[in-house]
Amino acid sequence: MTTDHPPSSTPSSEIKSANQRGAARLAAVQALYQMDIGGGGVLEIVAEYEAHRLGNEIDGEQYRPADAAWFRAVVSGVVENQRELDPEIRASLNEDWPLSRLDATLRAILRAGAWELTTKRDVPVAVIVNEYVDVARAFFEGDETKIVNAVLDRLARKYRGDQKTGKD
(Lines give C-alpha, C1' and ligand atoms only; values in the text may rest on other atoms or scores of the structure.)
Protein backbone atom coordinates (compact mmCIF):
# COMPACT_ATOMS: atom_id res chain seq x y z
CA MET A 1 0.00 0.00 0.00
CA THR A 2 1.45 3.36 -0.95
CA THR A 3 1.13 6.37 1.28
CA ASP A 4 2.19 9.96 0.86
CA HIS A 5 4.53 11.51 3.38
CA PRO A 6 3.94 15.14 4.38
CA PRO A 7 7.09 17.23 4.44
CA SER A 8 8.45 17.18 7.97
CA SER A 9 8.80 20.96 7.99
CA THR A 10 5.14 21.59 7.19
CA PRO A 11 2.81 21.57 10.20
CA SER A 12 -0.53 19.83 9.70
CA SER A 13 -2.37 23.12 10.14
CA GLU A 14 -0.68 24.51 7.02
CA ILE A 15 -1.61 21.65 4.70
CA LYS A 16 -4.14 22.95 2.22
CA SER A 17 -7.66 21.58 2.27
CA ALA A 18 -7.19 20.43 -1.35
CA ASN A 19 -4.30 18.23 -0.20
CA GLN A 20 -6.48 16.93 2.60
CA ARG A 21 -9.14 16.01 0.04
CA GLY A 22 -6.52 14.21 -2.03
CA ALA A 23 -5.46 12.24 1.05
CA ALA A 24 -9.14 11.53 1.76
CA ARG A 25 -9.60 10.20 -1.78
CA LEU A 26 -6.59 7.91 -1.43
CA ALA A 27 -7.82 6.63 1.93
CA ALA A 28 -11.34 6.15 0.53
CA VAL A 29 -9.97 3.99 -2.29
CA GLN A 30 -8.02 1.94 0.26
CA ALA A 31 -11.14 1.52 2.41
CA LEU A 32 -13.29 0.55 -0.58
CA TYR A 33 -10.65 -1.97 -1.64
CA GLN A 34 -10.61 -3.40 1.88
CA MET A 35 -14.39 -3.72 1.87
CA ASP A 36 -14.40 -5.33 -1.59
CA ILE A 37 -11.73 -7.90 -0.77
CA GLY A 38 -12.22 -8.62 2.91
CA GLY A 39 -15.77 -7.65 3.53
CA GLY A 40 -16.72 -5.53 6.48
CA GLY A 41 -19.36 -2.89 6.80
CA VAL A 42 -19.03 0.75 5.92
CA LEU A 43 -19.43 1.96 9.51
CA GLU A 44 -16.77 -0.44 10.78
CA ILE A 45 -14.24 0.43 8.06
CA VAL A 46 -14.83 4.19 8.27
CA ALA A 47 -14.44 4.11 12.06
CA GLU A 48 -11.19 2.13 11.74
CA TYR A 49 -9.72 4.59 9.24
CA GLU A 50 -10.74 7.65 11.20
CA ALA A 51 -9.43 6.27 14.48
CA HIS A 52 -6.25 4.61 13.28
CA ARG A 53 -5.19 5.73 9.80
CA LEU A 54 -6.11 9.24 8.71
CA GLY A 55 -3.14 11.43 9.64
CA ASN A 56 -1.55 8.68 11.78
CA GLU A 57 1.61 6.62 11.54
CA ILE A 58 1.16 2.90 10.88
CA ASP A 59 4.08 0.49 10.63
CA GLY A 60 6.50 3.36 10.13
CA GLU A 61 4.44 4.93 7.33
CA GLN A 62 2.97 8.38 7.95
CA TYR A 63 -0.49 8.87 6.48
CA ARG A 64 -1.22 12.43 5.42
CA PRO A 65 -3.89 14.39 7.27
CA ALA A 66 -7.15 13.87 5.41
CA ASP A 67 -10.51 15.60 5.23
CA ALA A 68 -12.48 13.08 7.31
CA ALA A 69 -15.86 14.36 6.13
CA TRP A 70 -14.81 13.98 2.48
CA PHE A 71 -13.47 10.49 3.20
CA ARG A 72 -16.77 9.46 4.83
CA ALA A 73 -18.80 10.97 2.00
CA VAL A 74 -16.86 9.13 -0.72
CA VAL A 75 -16.90 5.74 1.03
CA SER A 76 -20.54 5.86 2.06
CA GLY A 77 -21.60 7.42 -1.26
CA VAL A 78 -19.96 4.64 -3.27
CA VAL A 79 -21.45 1.94 -1.06
CA GLU A 80 -24.95 3.46 -1.24
CA ASN A 81 -24.83 3.99 -5.01
CA GLN A 82 -22.74 1.06 -6.22
CA ARG A 83 -25.67 -0.62 -7.99
CA GLU A 84 -26.13 2.50 -10.12
CA LEU A 85 -22.42 3.26 -10.55
CA ASP A 86 -21.22 -0.18 -11.68
CA PRO A 87 -23.33 -0.40 -14.86
CA GLU A 88 -22.24 3.12 -15.83
CA ILE A 89 -18.58 2.25 -15.30
CA ARG A 90 -19.04 -1.02 -17.19
CA ALA A 91 -20.58 0.86 -20.13
CA SER A 92 -17.53 3.14 -20.19
CA LEU A 93 -15.04 0.26 -20.38
CA ASN A 94 -13.95 -1.37 -23.61
CA GLU A 95 -16.28 -4.00 -25.03
CA ASP A 96 -16.08 -7.48 -23.53
CA TRP A 97 -14.34 -6.20 -20.41
CA PRO A 98 -16.50 -6.89 -17.35
CA LEU A 99 -16.02 -4.78 -14.25
CA SER A 100 -15.35 -7.95 -12.25
CA ARG A 101 -12.27 -8.59 -14.40
CA LEU A 102 -10.62 -5.38 -13.21
CA ASP A 103 -8.22 -5.30 -10.29
CA ALA A 104 -10.09 -4.54 -7.04
CA THR A 105 -8.05 -1.36 -6.50
CA LEU A 106 -8.90 -0.16 -10.00
CA ARG A 107 -12.59 -0.86 -9.37
CA ALA A 108 -12.42 1.17 -6.15
CA ILE A 109 -10.77 4.10 -7.94
CA LEU A 110 -13.35 4.09 -10.74
CA ARG A 111 -16.27 3.81 -8.33
CA ALA A 112 -15.02 6.68 -6.17
CA GLY A 113 -14.33 8.88 -9.20
CA ALA A 114 -17.70 8.07 -10.76
CA TRP A 115 -19.48 8.87 -7.50
CA GLU A 116 -17.76 12.25 -7.24
CA LEU A 117 -18.60 13.08 -10.86
CA THR A 118 -22.28 12.34 -10.27
CA THR A 119 -22.56 13.90 -6.82
CA LYS A 120 -19.97 16.62 -6.19
CA ARG A 121 -21.01 19.04 -8.91
CA ASP A 122 -19.24 21.91 -7.15
CA VAL A 123 -15.88 20.19 -7.81
CA PRO A 124 -14.56 20.77 -11.34
CA VAL A 125 -14.39 17.72 -13.59
CA ALA A 126 -10.68 18.23 -14.25
CA VAL A 127 -9.95 18.17 -10.51
CA ILE A 128 -11.83 14.89 -10.01
CA VAL A 129 -10.27 13.17 -13.02
CA ASN A 130 -6.75 14.37 -12.21
CA GLU A 131 -7.03 13.44 -8.53
CA TYR A 132 -8.13 9.89 -9.29
CA VAL A 133 -5.45 9.49 -11.97
CA ASP A 134 -2.97 10.52 -9.26
CA VAL A 135 -4.49 7.95 -6.89
CA ALA A 136 -4.07 5.33 -9.63
CA ARG A 137 -0.39 6.31 -9.96
CA ALA A 138 0.04 5.58 -6.25
CA PHE A 139 -0.88 1.95 -6.92
CA PHE A 140 -0.01 1.24 -10.55
CA GLU A 141 2.79 1.90 -13.01
CA GLY A 142 1.12 0.57 -16.17
CA ASP A 143 -1.93 1.23 -18.28
CA GLU A 144 -4.27 1.44 -15.30
CA THR A 145 -3.81 5.21 -15.09
CA LYS A 146 -4.88 5.46 -18.74
CA ILE A 147 -7.96 3.34 -17.98
CA VAL A 148 -8.89 5.62 -15.06
CA ASN A 149 -8.44 8.70 -17.22
CA ALA A 150 -10.44 7.28 -20.13
CA VAL A 151 -13.33 5.90 -18.06
CA LEU A 152 -13.71 8.99 -15.89
CA ASP A 153 -13.45 11.20 -18.97
CA ARG A 154 -16.29 9.25 -20.64
CA LEU A 155 -18.40 9.43 -17.49
CA ALA A 156 -17.69 13.16 -17.13
CA ARG A 157 -18.87 13.78 -20.69
CA LYS A 158 -22.04 11.83 -19.95
CA TYR A 159 -22.82 13.46 -16.60
CA ARG A 160 -21.37 16.91 -17.12
CA GLY A 161 -21.08 17.34 -20.85
CA ASP A 162 -20.77 21.11 -20.62
CA GLN A 163 -17.71 21.08 -18.34
CA LYS A 164 -14.10 20.61 -19.40
CA THR A 165 -12.54 17.29 -18.47
CA GLY A 166 -8.99 18.50 -18.67
CA LYS A 167 -8.57 17.03 -22.14
CA ASP A 168 -8.59 19.22 -25.23
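Source: prediction; values computed, not measured.

Caption draft 1: Fine view of helix 6 (residues 144-159). When the terminal C-alpha atoms of helix 6 are compared, their 22 Å separation across 16 residues agrees well with the 22 Å that a helix rising 1.5 Å per residue should span. Here helix 6 has its buried residues at T145, V148, V151, L152, D153, L155 and A156. Lining the buried residues of helix 6 we find helix 3 (68-92), helix 4 (104-119) and helix 5 (125-139).

Caption draft 2: Spatial organisation of the nonpolar core. The biggest cluster of nonpolar side chains holds 47 residues, and the ones touching the most others in it are F71, Y132 and V148. Looking at this core, the elements that each hand over two or more residues are helix 1 (17-38), helix 2 (42-52), helix 3, helix 4, helix 5 and helix 6. Considering each element in turn, this core owes the most residues, nine residues, to helix 1. Setting aside residues no more than four positions away along its own chain, V148 makes contact with L106, I109, L110, Y132, V133 and A136.

Caption draft 3: Representation of the packing of aromatic side chains in the model. Within this structure, the stated rule accounts for zero aromatic pairs. Over the ring of W70 we find K120; its NZ or CZ atom is 4.7 Å from the centre of that ring.

Caption draft 4: Representation of the pattern of salt bridges in the model. Tallying each qualifying case throughout the model produces nine salt bridges. For E88, the salt bridge goes to K158, with nearest N and O atoms at 2.4 Å. With E88 in helix 3 and K158 in helix 6, this residue pair connects regions lying 70 residues apart in the sequence. Each member of the salt-bridge network shares a partner with another, and the members are D36, D86, R107 and R111.

About the criteria used
Residues numbered from 1 in each chain as written. Predicted model: local features only at pLDDT ≥ 70, side-chain atom pairs only at ≥ 80, totals over all residues. Heavy atoms only, no water. Helix = DSSP H or I, 4+ residues; strand = E, 2+ residues; numbered from the N terminus. Expected span 1.5 Å × (residues − 1). Buried < 20%, exposed > 50% of the residue type's maximum accessible area, 1.4 Å probe, protein only. Contact = heavy atoms within 4.5 Å. Core = buried A, V, L, I, M, F, W, Y, C linked by side-chain atoms within 4.5 Å. Phe/Tyr/Trp six-rings, centres within 6.5 Å; stacked < 30°, edge-to-face > 60°. Lys NZ or Arg CZ within 6 Å of the ring centre and 35° of its normal. Salt bridge = Lys/Arg side-chain N within 4 Å of Asp/Glu carboxyl O.

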